[in-house]
Amino acid sequence: MEKEERDHARDEKKKTKESEVMLWLDKADGKEYKLSFEHVKLLYLVSHFGRASKSEEQPETWIRELPLCVLIYEGIVAGKLDFDYAPYSMLYAYTLEGRATTRRQYLNISQEGKSAIDDLRDQNFLKGIKMESADMLTTNGVQVSSKGLDLLQAMPPLLRLEVDEFLFIRKGYDPPHLKKDLKNVISDEEGFLVVTLNGFEERSGVTEVEDVSYVTSPFLPWLLRRGENAMTDNSERAWESGQGLSQVKGDLNENLILAQVHLVIEEWVPYAANDFSSLLDRLGARTRHAGGRFTAFIDPAPNNQTVWTAAGLTDLTLLDFDPAYCMNSEAEILFPEAPGVTQIEHVGIHIAIHGTVAYGVRVEAIGPRLADDISIDLLSRMLVDLQQDSSAILNDILTENQRRMINVAYRGDASTRPKYLVLFADKVEPMVPAKEYVDHGDNENELKQVLGEVWGAYDIGEEGYGDVVVVGSTGMMIVGSKLRKYDRLTFIMSEAMSILLFISALFSRVMMTQGEIAKLKDLIMEGDEDPAHFDAVTKLRNTTSKEVAMQEELLAHLSTAIQHLNVPPMPSDDGGKKMYHALDLARRVKLIEAQTRDIDKLLAGCRTNISVLGRDIKALQAKREVRLGLEIEKDTERMMSLTNAKIRILSLLDLAQMVLAGSFSLMFLDAFVSARARYFSVLETRAGGNGTMDIANLGAVTGDITSAVDTESVGNPLESSGGYFPLQWALALDNIAFFNLLLHLVALGGMLYLLRAAENSRKHGGLRTVNVKLDRKINPQKFEKYLRQFLSTVLTDVSSRHTLRRVEFTPHAGLLFKWRGAPPRVIVKADLHLGFLLSASFTRFETPPLWRWLVCTVILRRKTEMDMKGNLDDHLLDTLLADLESAGVFDV
């Protein structure tokens, strides 16, 4: 009864669609066009973003196909566009940090809406354009042609209003602004944003796949099995699907109903004999309890007692295996689902030694629909879960190297990688000839939801009796239980198509690598202009080289798999011949071989380019090193000039201090000599030459002298000294002007000589290191005792035997001239096990203070020039050896 009601509702809706049409006469060609309201509304939607130019000065505008699909979805959800949608895996481009990037994700795409776009293009109401992004992704765009603009002039206002209600975000009751209130679609890493110029922003639900409740049993064709172990049967639990919730929004336009559906999802992954053997060991194929729960989680602390993992692991049960061919197992998927959604999911898994992986299920129920009443719309939503869960299952049992190679091939989107679907159904309703499944209408649009682009449909039996094969870009549908006897042809086809899907992904990745190599060439060309590019060049070259190596490894695995892809002979019966010609296996295998050879050539070119660019990078590195050397030399010269300037400033400071001290000394000497000379000159004059003088009358005669000297307290020194007084020679010389000037010049010259010597000493000073090889036998106990007296000793073991030691210490200063300067920093290496002093090193800054330089360098160097021939290095060594000798270190 429920089925009849659905069929009646579908027929009524179809009649309504056929009545809602618009007739338009094109005056230019005289043709009358009949378009549905949905086609006209879609044309009006495109006109807001893409229009043909009316003059050469006006630019062409286009809307990309994917943002248009997002707007169509928004119109469907708003109830303004009467289309259906279903999840579909697609690549889309977005910009990340200024670089074009692609991502694969499941999107709610309306195949009916895309078909309507194609219809409008067929009638020249829309024009198309194809572009290629920097990430080698082909982008389609459309615009309304002049003919379409003429049609929109006759568009009913009510249809315009329906589109405007979801296409514009108006404020209050004001009429919408054609630019500020218009919705625009922007892609990013998380999906798509719907924004307007007036500040509105909202995340689109086009990436939110609707969950449905379902029940499946594991399924693998007997062609793939290697044993007879029974698999789980969930047919008795089908009723549980009807108890679960469904997230599907609105009613679905169902056109095709399938009965007794079996699904096999197939893919190719890089596998080798050793990987397969490792997988069998992980599964415990030869043990009593084969299988178990698996995870790709890497144990970070294997020494801990307890392990924590995320909820929802996969329970794997081994069914049978052939160590030289394949392994078959059954998996129960325990991943958590949305609240209220019931998913009882058991999957059969077949893994071949050369990389073919198949996941099979028998559909028991989807929502309230049982196995003989499966809608393709609901099936498309269940397939998304099955595709993602199968990727998660395989990810748990792959090796790290395999996961890395798959990520390289699929650009990091391995979880949503495409797989090839084989859909078996006992019958389909309505049962129509094969050509009606490619009618560019409702039937084909529904098949596109699960099979991709439909390439062809073929009647294998008598026309109209239901034995049909439909071949698409990502899947094929086999209708009729009689066709199961051709499973060998079917699975050779699915294996070949899964390899072609992988080759397509690998080719796209190789083209990306070529783009990176071209970018690398540009960076090398700009290396002379911008030296900072060298680090980016090196990083990009290393990354590209690793990717090419991994792509070559993938190609080697592919070549091995292709060698085992054998096309079976043509069956002898008529149905088998039709099936053989419909699948066209020989041509597909040749195509695989040709594309593999082409990728091999591309990778060889990439490797050659990287090798050539390696020499360019070495030349760039040599230039960079020369440039850095010159910069270091300039910096060193700048540092030396600053150091010299500092030394000159310090010398000038010393000079100023000495000048000040010399000036003060000369002033003091001059004042002392002159005052004393004047004093005794007055005394001698007053004595009249006989050595006596009237002291009482001295103040009256010379007031300036009495102001400087208290004559009463001093008395007459001439009387006490018998006519002689100290510095009498200075009094005589002071009266000679030439001698006075000569004395000042000699004192000034001596002072300048000392200042120049001090400046030269500071100019030539610096850190001095002397290394000496000794190899002398020592007493280890006394050596350690000698070292303990130094508080600054640093002991470091420099060997695995902990016997070879590197000792750093500063010896005691001792007497003033013991080290002929400051005590050096001494580093000795000794082997305490063998008792040998191996080497010694002395480090000292050779610029002493001025007084120490005068005493320890100028004076003592003259002495050592005769004793040691100026070799201060030998003096340091001799002093150290004398200390060690006195400590008894050499007493062995």
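The shown structure was predicted, so the numbers you read here are calculated from the model rather than taken from an experiment.

### Considering the pattern of salt bridges
Phase 1 of the analysis: Per the counting criterion, the structure on display carries 26 salt bridges.
Phase 2 of the analysis: A salt bridge links glutamate 240 to arginine 237, with the shortest nitrogen-to-oxygen separation between them at 3.0 Å.
Phase 3 of the analysis: Between arginine 638 and aspartate 635 there is a salt bridge whose closest N-O contact spans 2.6 Å. One end of the pair, arginine 638, and the other, aspartate 635, are both in helix H15 (residues 585-687), three residues apart, so they sit about a helical turn from each other.
Phase 4 of the analysis: Exposure remark for arginine 638: the relative accessible area of 46% places this residue in the partly exposed category.
Phase 5 of the analysis: Aspartate 635 gets classed as partly exposed once you look at its relative accessible area, which sits at 36%.
Phase 6 of the analysis: Sharing partners across several salt bridges, the network here consists of Glu38, Lys41 and Glu162.

### Details of the packing of helix H2 (residues 37-47) against helix H5 (residues 146-153)
Phase 1 of the analysis: For the pair H2 and H5, the least separation of the axes is 10 Å and the interaxial angle reads 115°. Crossing of H2 against H5: the hand is left-handed. Here Val40, Leu43, Tyr44 and Ser47 of H2 lie close against H5, whose contacting residues are Gly148, Leu151 and Leu152.

### Focus: the confidence of the model for the chain
Phase 1 of the analysis: Mean pLDDT for the chain: 81, with 78% of residues reaching 70 or above.
Phase 2 of the analysis: pLDDT under 50 marks residues 860-870. Its contacts with residues more than four places away, or in other chains, come to twelve contacts.

### As for the packing of aromatic side chains
Phase 1 of the analysis: Here the structure, examined in full by the defined rule, presents twelve aromatic pairs.
Phase 2 of the analysis: Sitting above the plane of the phenylalanine 125 ring, lysine 147 keeps its charged end 5.1 Å from the centroid.
Phase 3 of the analysis: Sitting above the plane of the phenylalanine 424 ring, arginine 484 keeps its charged end 4.5 Å from the centroid.

### A word on the sheet that holds strand E8 (residues 184-187)
Phase 1 of the analysis: A sheet is described by the order of its strands in space; here three strands give the open sequence E8-E9-E10, paired in antiparallel fashion. Each edge of the open sheet carries a strand with a single partner, namely E8 and strand E10 (201-203). Between one strand axis and the next, the sheet turns through 30° on average, direction left out of account.
Phase 2 of the analysis: Two strands pair when backbone bridges link them, and E8 and strand E9 (residues 192-195) are joined in this way by four bridges, in the antiparallel orientation. Across the sheet, isoleucine 186 pairs through a bridge with leucine 193, a residue of E9.

What counts and how
Along each chain, numbering runs from 1 in the same order as the chain's sequence is written. For a predicted model such as this one, the threshold for reporting local features is a pLDDT of at least 70, and the threshold for listing and counting side-chain atom pairs is 80 or more; totals across whole chains, interfaces and linings nevertheless cover every residue. In computing side-chain properties, one takes all heavy atoms of the structure into account and sets aside hydrogens as well as water. By convention in these notes, a salt bridge is any Lys or Arg side-chain nitrogen within 4 Å of a carboxyl oxygen on Asp or Glu. Labels follow the DSSP assignment, with helices taken as runs of H or I lasting at least four residues and strands as runs of E lasting at least two, numbered in each case from the N terminus. Partly exposed describes any residue whose relative accessible area lies between the buried limit of under 20% and the exposed limit of over 50%, with all areas from a 1.4 Å probe on protein chains only and scaled to the type maximum. Lines fitted to the C-alpha atoms define the axes, with helices restricted to the stretch that makes contact. Angles between their N-to-C directions range from 0 to 180 degrees. Note: crossing handedness is left-handed where the near helix turns anticlockwise from the far helix by less than a right angle, and right-handed where it turns clockwise. We call two residues contacting when some pair of their heavy atoms lies within 4.5 Å. A score between 0 and 100, pLDDT records how confident the predictor is in each residue. The criterion for an aromatic pair is that two Phe, Tyr or Trp rings (for Trp, the six-membered ring) have centres within 6.5 Å, with stacked assigned to planes under 30 degrees apart, edge-to-face to planes over 60 apart and tilted to the rest. By definition here, charges over rings are those cases where NZ of Lys or CZ of Arg is within 6 Å of the ring centre and within 35 degrees of the ring normal. Any two strands between which DSSP finds at least two bridges are classified as paired.

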